[in-house]
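# Structure at a glance
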Amino acid sequence: MSEIEEDLRVIHQFQPRAHRVFLTGANPFVLTANRLIDIGLLIRKYVGEGQPTIGCFARITDITRKSVEELRQLHHLGFDYLTIGVESGDTQTLARVNKGYSADDIIEQCSKLDEAGIHYNFFYLVGLAGKGCGERNAMRSAEVFNQLHPVTIGFLSLTLFPESRLYRDISEGLYEEATEYERIDEMICLIENLTCHTHILARTVSNPIPLTGSLPADRTLLLDSLREVKEKVSEEALRNYRDSIKSL
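Residues numbered from 1 in each chain as written. Predicted model: local features only at pLDDT ≥ 70, side-chain atom pairs only at ≥ 80, totals over all residues. Heavy atoms only, no water.

### As for the sheet that holds strand β1 (residues 20-23)
The strand order across the open sheet built from seven strands is β1-β2-β3-β4-β5-β6-β7, with neighbouring strands paired in mixed fashion. A single partner strand is all that each edge strand has here, and the edge strands are β1 and β7 (211-215). When the angles between neighbouring strand axes are averaged without regard to direction, this sheet yields 20°. (Pairing = 2+ DSSP bridges. Helix = DSSP H or I, 4+ residues; strand = E, 2+ residues; numbered from the N terminus. Axes fitted to C-alpha atoms, helices over the stretch in contact; angles between N-to-C directions.)

Structure follows, in C-alpha cells:
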C-alpha cells in the first residue's frame with residue numbers, strides 16, 4: 001500500500017485533475033473486496049477534484065469471489081469499466097484452453113456487475129477454437145454476449161509464439177490453427193449474430209484488418225469491410241502478416 005500511495009502522490013502532483021486511474025499488474029480485481037476498497041479510498045484521497053473512476057483488468061473468476069453488495073461498494077468508490085478477457089463464450093473452447101470457467105459462469109458473474117452498476121468491456125480471441133470451429137465459437141459466444149451488456153467487444157486474433165502451450169500442441173498434432181480466412185468468417189458470424197448494443201474494436205497489432213464501429217448501427221459497414229478483405233487480400237498475405245508479428 002505504501003508503494004501505491006507514493007504513486008498516487010506523484011499523480012496528485014503532476015496530474016491534479018486526473019479523472020481516471022487504471023490499476024496495472026495483470027488482473028488486480030483478483031484482490032479481495034476489502035483490499036480494493038482500501039485502494040479506492042486512497043485514490044479518492046489523492047486523485048481528482050471530483051470522484052475519479054477506477055479501471056483494471058479482471059477475470060471472470062475474480063468476480064465470483066465478490067458479492068453483489070461488495071461490487072456495489074466498489075462501484076460507489078469509482079470502480080467502473082472493467083476490462084475482462086473472456087476470450088470466448090463457448091464452454092467447449094474455454095475448457096480446451098483451461099480458462100477455468102464456463103459460458104454459464106460468464107453470464108452469472110457479469111450479471112452481478114450489471115446489478116451492481118459496474119460497466120465492463122470484453123476481449124474476444126478470434127481463432128481460439130481452432131481450425132474448423134470458428135463458426136461454432138462465434139454462434140455460442142453471441143448467445144452469451146447477447147444476454148449481457150458489454151460496452152465494447154475487443155477483437156484480438158490468436159497469435160502463437162514458441163513458448164506457448166498451444167504452439168507445442170500444434171507440433172504434437174493436438175491443435176490446428178484456424179486459417180486467416182476462417183478468422184474473418186468467424187468475425188463475420190459473430191457480428192451478424194450480436195443483438196446487444198456494443199462497440200466493436202479491432203485495432204491491435206494482432207488484427208491485420210483494423211475495425212471499429214457500433215452495433216447495431218454500423219453492422220453493414222463492418223461486415224462489408226471484412227468481406228472486402230477476403231475479396232482483395234490473399235490468405236498467404238494475411239498469414240505472412242501474422243508470421244511477421246514479433247510481440248503483442
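Structure shown, so let's carry the discussion forward.
### A closer look at the pattern of salt bridges
Considering all chains together, one arrives at 20 salt bridges under this definition. Taking the shortest distance from any N to any O, the salt bridge between Arg227 and Glu192 comes out at 2.7 Å. Taken as a pair, Arg227 in helix α10 (residues 219-232) and Glu192 in helix α9 (residues 180-193) lie far apart in primary sequence, 35 residues in all. When its relative accessible area of 35% is taken as the criterion, Arg227 is described as partly exposed. (Salt bridge = Lys/Arg side-chain N within 4 Å of Asp/Glu carboxyl O. Buried < 20%, exposed > 50% of the residue type's maximum accessible area, 1.4 Å probe, protein only.)

### As for the pairing of strand β2 (residues 53-58)
Where β1 meets β2, four bridges bridge the pair, whose relative direction is parallel. Residue pairing for β2: Leu23 is matched across the bridge by Cys56. Since β1 and β2 lie parallel, the crossover through helix α2 (residues 33-46) that links them has a hand, and here it is right-handed. Bridge analysis of β2 against strand β3 (residues 82-87) gives two bridges, and the strand direction is parallel. Within β3, the position partnered with Ala58 by the bridge is Ile84. (Right-handed = clockwise from strand over helix to strand, strands pointing away.)

### Remarks on helix α4 (residues 68-76)
Of all the residues in α4, the buried ones are Val68, Leu71 and Leu74. In a view along the axis of α4, the buried residues occupy a sector of 115°, so they form one face of it. Those residues of α4 that are buried lie in contact with α2, α3 (60-64) and α6 (103-116). The first or second residue beyond α4 is Gly78, which carries a positive phi of 120°. (Arc of directions from axis to C-beta. Contact = heavy atoms within 4.5 Å.)

### A short note on the packing of aromatic side chains
Scanning all chains against the criterion turns up six aromatic pairs. Measuring from ring centre to ring centre gives 5.2 Å for Phe122 and Phe145, while their planes differ by 45°; the resulting arrangement is tilted. Here Phe122, found in strand β4 (residues 120-126), pairs with Phe145, found in helix α7 (residues 134-145); they are 23 residues apart in sequence, far enough to count as distant. Here Phe122 and Phe145 have matching classes, each one buried. Ring geometry for Tyr124 and Phe155: centres 5.9 Å apart, planes at 50°, overall tilted. Placement of the pair is Tyr124 in strand β4 and Phe155 in strand β5 (residues 152-157), with a sequence separation of 31 residues. (Phe/Tyr/Trp six-rings, centres within 6.5 Å; stacked < 30°, edge-to-face > 60°.)

### Observations regarding unusual backbone geometry
Excluding glycine, a negative phi dihedral is what most residues carry, and trans is how most peptide bonds are arranged. Cis geometry is adopted by the peptide bond preceding Pro216, which originates at Leu215 and carries an omega value of 10°. Mapped onto the secondary structure, Pro216 falls in the loop between β7 and α10. Positive phi is not limited to glycine here, since Ala26 has a value of about 60°. Tracing the sequence through the fold places Ala26 in the loop between β1 and α2. Taking relative accessible area as the criterion, Ala26 reaches 61% and is therefore assigned exposed.

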